[in-house]
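Below, each chain spelled out in residue letters.
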Amino acid sequence: MKEKKIILVCGPTGVGKTGFAIDLATRVDAEIIGADSMQIYRYMDVGTAKPDARERSMVRHHLVDVVDPDQDFDAARFARMADSAIEGLHGRGMAAIVAGGTGFYFKALVHGLFRGTQADPAVIAALEQEAAEGADLHARLVAVDPDAAAKIHPNDLFRVIRALEVAVTQNTTISSLQDAHGFAGERYRTLKFGLYMDREKLYQRIEKRVDMMLDQGLIREVEGLLDRGYRSDLKSMQSIGYRHVCQYLRGDTGFDEMVALLKRDTRRYAKRQFTWFRRDKGMVWLMPQEVERAVSLTADFLVDRD
RNA sequence: GCCCAGGUAGCUCAGUCGGUAGAGCAGGGGACUGAAAAUCCCCGUGUCAGCAGUUCGAUUCUGUUCCUGGGCA
């Protein structure tokens, strides 16, 4: 059985993944699959720095604009959709370049998640409610799943709740599921490119890009989303840029303050992305202008059949 | 030119009744198994403006120089 191969292009926001991926794709006869947790949403274009019409006419992009901002989406669904997109490309004899900044999506795609158990929104909402009322959920987790409790910080409510939710809705614990799974298997053969640049330079680019987004009508875009009925408490609307503009429109922050916070939070996000990708041992680190090198590495990778 | 107030961490500032200093913000590092652009954890040595004096010891007191605000000419 022929092993399936994919090329990954990872990196922090603002390094130039989009341009790099397009250059690479045109050179190696590939199409691009977005691995970006926000570009999947329709109508959220400016704030997610989505590839524009010109870019998308150069190379076809998959998994961009696939759900509405009020629809649930998650890493598992991403992985399933990416699987079929990859299959489609391979069926047409094309290579698949998975490009984006969402580390968790890459992981879900390459290694899979531990099981077909979707998070139960009702159970999670109930637990959130209890937490808001002062319940000590971490203490409860210690009782039902001490291994998970040991790994999850008591303040990390998000993970405490998810672990409890598994314990409540299933006949097992998240820690045992995780131990059994362990991200051990690889579902694809991968060639991973990590894009980087000097931190100072990246931050300058990020700030410039935020100003550009504002010029390009980020505020109008958010107003349009709100007009369409997409509320500011949606997950999608809580992302960087969208939540900042919502706060500004609500009058909670002034314009200058909003811009400063938006820039800061984007910088911090880029830092977290570096943390995520740096951990990946198999990453080939390149600067965004090193497309040539990527092309030859990709050619070697694709030729090598087994 | 004179008077006043300041010059302490990248920034804004606190503080040391003389025993070489600490907050906020910024920043850095890390975690991450179906919300991940989310969620969470950890991290503070800097000629205390320069020089000189007093002192066992000065960032702290004194003098002086420089710089920055403000006021008066």
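Cut-offs used in this document
- Residues numbered from 1 in each chain as written.
- Chains lettered and ligands numbered in written order.
- Predicted model: local features only at pLDDT ≥ 70, side-chain atom pairs only at ≥ 80, totals over all residues.
- Heavy atoms only, no water.
- Pairing = 2+ DSSP bridges.
- Helix = DSSP H or I, 4+ residues; strand = E, 2+ residues; numbered from the N terminus.
- Contact = heavy atoms within 4.5 Å.
- Axes fitted to C-alpha atoms, helices over the stretch in contact; angles between N-to-C directions.
- Patch = residues over 30% accessible without salt bridge, like charges linked within 9 Å, V, L, I, M, F, W, Y side chains within 5 Å.
- Areas by Shrake-Rupley, 256 points an atom, 1.4 Å probe, with all protein chains shown as cover.
- Salt bridge = Lys/Arg side-chain N within 4 Å of Asp/Glu carboxyl O.
- Buried < 20%, exposed > 50% of the residue type's maximum accessible area, 1.4 Å probe, protein only.
- Phe/Tyr/Trp six-rings, centres within 6.5 Å; stacked < 30°, edge-to-face > 60°.
- Lys NZ or Arg CZ within 6 Å of the ring centre and 35° of its normal.
- Core = buried A, V, L, I, M, F, W, Y, C linked by side-chain atoms within 4.5 Å.

Here's the deal with the sheet that holds strand E2 (residues 30-34)
Then step 1. Pairing within the open sheet is parallel, and its 6 strands lie in the order E3-E2-E4-E1-E5-E6. The open sheet has two free edges, formed respectively by strand E3 (61-62) and strand E6 (283-286), since each of these has just one partner strand.
Then step 2. Judged from the 2 bridges that link them, E2 and E3 form a sheet pairing that is parallel. Pairing of Ile32 across the sheet is with His61, part of E3.
Then step 3. Lying over the sheet, helix H1 (residues 17-28) contacts strand E1 (5-10), E2, E3, strand E4 (95-100), strand E5 (189-195) and E6, oriented at roughly 175 degrees with respect to E4.
Then step 4. Helix-sheet contacts for helix H13 (residues 255-278) involve E1, E4, E5 and E6, and the interaxial angle to E6 is about 135 degrees.

Some points on a nonpolar patch on the surface
Then step 1. On the surface, a cluster of nonpolar side chains totalling about 240 Å² of accessible area is made up of Phe104, Leu113 and Trp276.
Then step 2. Turning to its location among the elements, Trp276 is positioned in helix H13.

Details of the pairing of E2
Then step 1. Among the 5 residues that make up E2, 5 are buried, leaving the element largely enclosed by the rest of the structure.
Then step 2. The alternating pattern of E2 places Ala30, Ile32 and Gly34 and Glu31 and Ile33 on opposite faces, both of which are buried.
Then step 3. Judged from the 5 bridges that link them, E2 and E4 form a sheet pairing that is parallel. Pairing of Ile33 across the sheet is with Val98, part of E4.

Remarks on the packing of aromatic side chains
Two measures describe an aromatic ring pair: the distance that separates the ring centres and the angle between the ring planes.
Then step 1. Under the criterion given, the structure shown has 8 aromatic pairs.
Then step 2. Note on Tyr196 and Trp285: the rings are 6.3 Å apart at their centroids and 75 degrees apart in plane angle, and the pair reads as edge-to-face. Here Tyr196, found in the loop between E5 and helix H10 (199-215), pairs with Trp285, found in strand E6; they are 89 residues apart in sequence, far enough to count as distant.
Then step 3. Overall, the relative accessible area of 29% leaves Trp285 in the partly exposed class.
Then step 4. Members of the aromatic cluster, joined through ring pairs, are Phe73, Phe78 and Tyr105.
Then step 5. Directly above the ring of Phe301 sits Lys5, whose terminal nitrogen or CZ lies 5.5 Å from the centroid.

Here's the deal with the environment of Phe104
Then step 1. Here Phe104 shows up in helix H4 (residues 103-111).
Then step 2. Spatially, the C-alpha atom of Phe104 lies 9.2 Å from that of Ser37, the residues being 67 residues apart in sequence.
Then step 3. Ignoring anything within four residues of it in the chain, the contact list for Phe104 reads Ala75, Leu113 and Trp276.

Section: the nonpolar core
Then step 1. Counting 46 residues, the largest nonpolar core has Ile6, Ile33, Phe78, Val98, Leu109 and Leu218 as the members making the most contacts within it.
Then step 2. In terms of residues, this core owes the most to one element, helix H3 (residues 75-91), which gives 7 residues.
Then step 3. Every residue in contact with Ile33, bar those within four places of it in the chain, is listed here: His62, Leu63, Ala82, Ala85, Ile86, Leu89, Ala96, Ile97, Val98 and Ala99.
Then step 4. Residues Val15, Leu191, Met197 and Val295 belong to the second largest nonpolar core, which totals 29 residues.

Observations regarding the pairing of E1
Then step 1. Extensive coverage of E1 is indicated by the burial of 6 of its 6 residues.
Then step 2. What you see with E1 is no split at all: Lys5, Ile7 and Val9 on one side and Ile6, Leu8 and Cys10 on the other are buried throughout.
Then step 3. When E1 meets E5, the two strands line up parallel, connected through 6 bridges. Looking at E5, one finds that Lys5 is bridged to Arg189.
Then step 4. By the bridge criterion, 4 bridges tie E1 to E4 in an arrangement that is parallel. Within E4, the residue paired with Cys10 across the bridge is Gly100.

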